Amino acid sequence: MGDLFVWLIAFFILIALLVIIIFQLMALADLEFDYINPYDSSSRINKVILPEYITEGVLCLFFLVTGHWCMSLLCIPYLYYNVRLYTRRQHLVDVTEIFNMLNWEKKLRLFKLGYLIVLLFLSIFWMILTALEDSDYD
C-alpha cells in the first residue's frame, strides 16, 4: 500500500511540472501572437524557472530515496540539463533576445513536455500495476 502512495505523490509532482511547462509555452505563444510584450513574457517565464528546476530535483531525489532506481535514472538527464543551464547562468530568458530565441525556447519546452509525458505514463503504469498487485493480496 505504501508503494501506491509513492506513485500517487510522483504522479502529482509530474502534473505540477507539466503545468509549469505548459504555462511557459502559453507565455511564449502569447508573445508570438503579440498578446503581451517581451518584458511581461520573460518575467512570467523567469518566475517559474527555479520552481521547475527544484521540483524536478525533488522528484529525482524522491525516486532515489524510495528505491525506484529506473525512474530515478530516467529523471537524471532532465535534471542534468537543468543543472547545466543553471551553472552556466543560461536558465533565465533574456528580454532583449526573446524574439531571436523564440523558436528555440518553444522547441525546448516542447521537448521537456514530451519527456515529462513519457515519465507520467510510466508513473501511471507503475501505479496501476502496484494497485493490481496490492488487490491480489487482499
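Residues numbered from 1 in each chain as written. Predicted model: local features only at pLDDT ≥ 70, side-chain atom pairs only at ≥ 80, totals over all residues. Heavy atoms only, no water.

The name that an unreviewed UniProt entry assigns to the protein is Protein cornichon homolog 4, with the source organism given as Dovyalis caffra. Per UniProt, the comment on the protein under Subcellular location (unreviewed entry) is "Membrane". Within the UniProt record for the protein, the comment given under Sequence similarities (unreviewed entry) is "Belongs to the cornichon family." (UniProt positions renumbered as here; feature names shortened; annotations may be inferred.)

Attention now moves to the overall build of the protein. If you tally the helices and strands in the protein, you get 4 helices and 0 strands. Ordered by position from the N terminus, the helices and strands of the protein form the series α-α-α-α. Projected onto the principal axes, the alpha-carbon positions of the protein cover approximately 60 × 30 × 20 Å. Among the 138 residues that make up the protein, the fraction classed as buried is 37%. Of the contacts made within the protein by residues no fewer than 6 positions apart, 79% connect residues no fewer than 24 positions apart. Accessible area of the protein: about 8400 Å², with a carbon and sulfur share of 71%. Side chains of the protein give 9 positive and 14 negative charges; the mean places of these two sets differ by 13 Å. (Helix = DSSP H or I, 4+ residues; strand = E, 2+ residues; numbered from the N terminus. Buried < 20%, exposed > 50% of the residue type's maximum accessible area, 1.4 Å probe, protein only. Contact = heavy atoms within 4.5 Å. Areas by Shrake-Rupley, 256 points an atom, 1.4 Å probe, with all protein chains shown as cover. Lys, Arg positive; Asp, Glu negative; His and termini not counted. Charge placed at Lys NZ, Arg CZ, Asp CG, Glu CD.)

Interhelical geometry of helix H2 (residues 38-65) versus helix H3 (residues 69-87) gives an angle of 150° and a closest axis separation of 9 Å. What the angle tells us is that H2 and H3 run roughly antiparallel. Between H2 and H3 lies a crossing of left-handed hand. Along its contact with H2, which presents Leu50, Glu52, Tyr53, Glu56, Gly57, Leu59, Cys60, Phe63 and Leu64, the element H3 presents Trp69, Met71, Ser72, Cys75, Ile76, Tyr78, Leu79, Asn82, Leu85 and Tyr86. Here the contact of H2 with H3 is built from residues that sort into 14 nonpolar, 3 polar and 2 charged. (Axes fitted to C-alpha atoms, helices over the stretch in contact; angles between N-to-C directions. Parallel < 35°, antiparallel > 145°, perpendicular 65-115°, else oblique. Left-handed = near helix turned anticlockwise from the far one by under 90°. Nonpolar A, V, L, I, M, F, W, Y, C, P; charged D, E, K, R; others polar.)

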